Amino acid sequence: MAILEFVGNQRNLIKLSRQGIEKSTFQEILSNTGFTLAEICEYLDISPRSVQHKKSIDRFSKDTSAKLYAIAKLYARGKEVFGDESKFKRWMDTENYAIGGVKPKSYLDLIEGIYLVMDELVAIEHGFSA
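Residues numbered from 1 in each chain as written. Predicted model: local features only at pLDDT ≥ 70, side-chain atom pairs only at ≥ 80, totals over all residues. Heavy atoms only, no water.

### Comments concerning the pattern of salt bridges
Test applied: Note on definitions: salt bridges are taken to be side-chain nitrogens of Lys or Arg within 4 Å of carboxyl oxygens of Asp or Glu. Strands are runs of DSSP state E lasting at least two residues, helices are runs of H or I lasting at least four, and both sets are numbered from the N terminus onward. Remark: exposure states derive from per-residue accessible area (1.4 Å probe, protein chains only) relative to the maximum for the residue type, with buried under 20%, exposed over 50%, and partly exposed in between.
The full count for this structure, using the stated rule, is seven salt bridges. The partner of Glu80 in a salt bridge is Arg77, with the nearest N and O atoms 2.5 Å apart. Residue Glu80 and its partner Arg77 are both found in helix α5 (residues 62-82); the two are separated by three residues, about one turn of the helix. The class of Arg77 is partly exposed, set by a relative accessible area of 23%. Put simply, Glu39, Asp93 and Lys105 are held in one network by salt bridges that share partners.

If you want it as structure tokens, here you go:
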């Protein structure tokens, strides 16, 4: 994911979020995560109609941008940890005892939920969970 050159650089992530993500970048993240527009909009708490009405250079709010970048970062990290995009997506769609018996994907509506799933990826990487 070319847009994830900021991974590991929190200051750059903050700067990009404050500027607001452009619709064209939003669409790239949507494509790379495999979410439908309706799914991602539910996680971001925005309406699909508001996305559809934006021009490609229009920007999203800083809160929406920060959450979207966090989701993109999570998906990039998940693909690294699992070594395969389809395995990671299957894991995201499978109920997981380690995080409360729910699908990891269900936590994406809150930034703290995204961090919780990221923490679980770290645990998996170190052999503590699955």
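### Looking at the environment of Lys62
The cut-off we apply is this: Note on definitions: a residue-residue contact is assigned when non-hydrogen atoms from the two residues lie within 4.5 Å.
With respect to the element layout, Lys62 can be found in helix α5. Taking the C-alpha atoms as reference, Lys62 lies 7.7 Å from Ile21; in sequence the two are 41 residues apart. Here Lys62 is in contact with Ser17 and Arg18, once residues within four sequence places are set aside.

### A look at the nonpolar core
Our working rule: Grouping buried Ala, Val, Leu, Ile, Met, Phe, Trp, Tyr and Cys residues that are joined through side-chain atoms within 4.5 Å yields what is termed a nonpolar core.
Core analysis: the largest hydrophobic core is formed by 29 residues, its most contacted members being Ile40, Ile71, Leu74 and Leu108. Taken together, the elements giving at least two residues each to this core come down to α2 (23-33), α3 (37-44), α5, α6 (85-92) and α7 (111-125). With eight residues, the top contributor of residues to this core is α5. If we ignore the near neighbours within four places in the chain, the residues touching Leu74 are Phe88, Met92, Leu108, Ile114, Val117, Met118 and Leu121.

### Looking at the packing of aromatic side chains
Applied cut-off: Centre distance within 6.5 Å is the pairing criterion for rings of Phe, Tyr and Trp, where only the six-membered ring of Trp is used; planes under 30 degrees apart are then read as stacked, over 60 as edge-to-face, and the remainder as tilted.
Summed over the entire model, instances satisfying the criterion amount to seven aromatic pairs. With 4.9 Å between their ring centres and 85 degrees between their planes, Tyr75 and Phe88 make a pair best called edge-to-face. Residue Tyr75 is located in helix α5, and its partner Phe88 is located in helix α6; the two are separated by 13 residues in the primary sequence. On the basis of relative accessibility, which here comes to 2%, the residue Tyr75 falls in the buried class. Exposure remark for Phe88: the relative accessible area of 0% places this residue in the buried category. Centre to centre, the rings of Phe82 and Trp91 are 5.5 Å apart; their planes meet at 40 degrees, and the pair counts as tilted.

Function-wise, these values are silent; they only describe arrangement.
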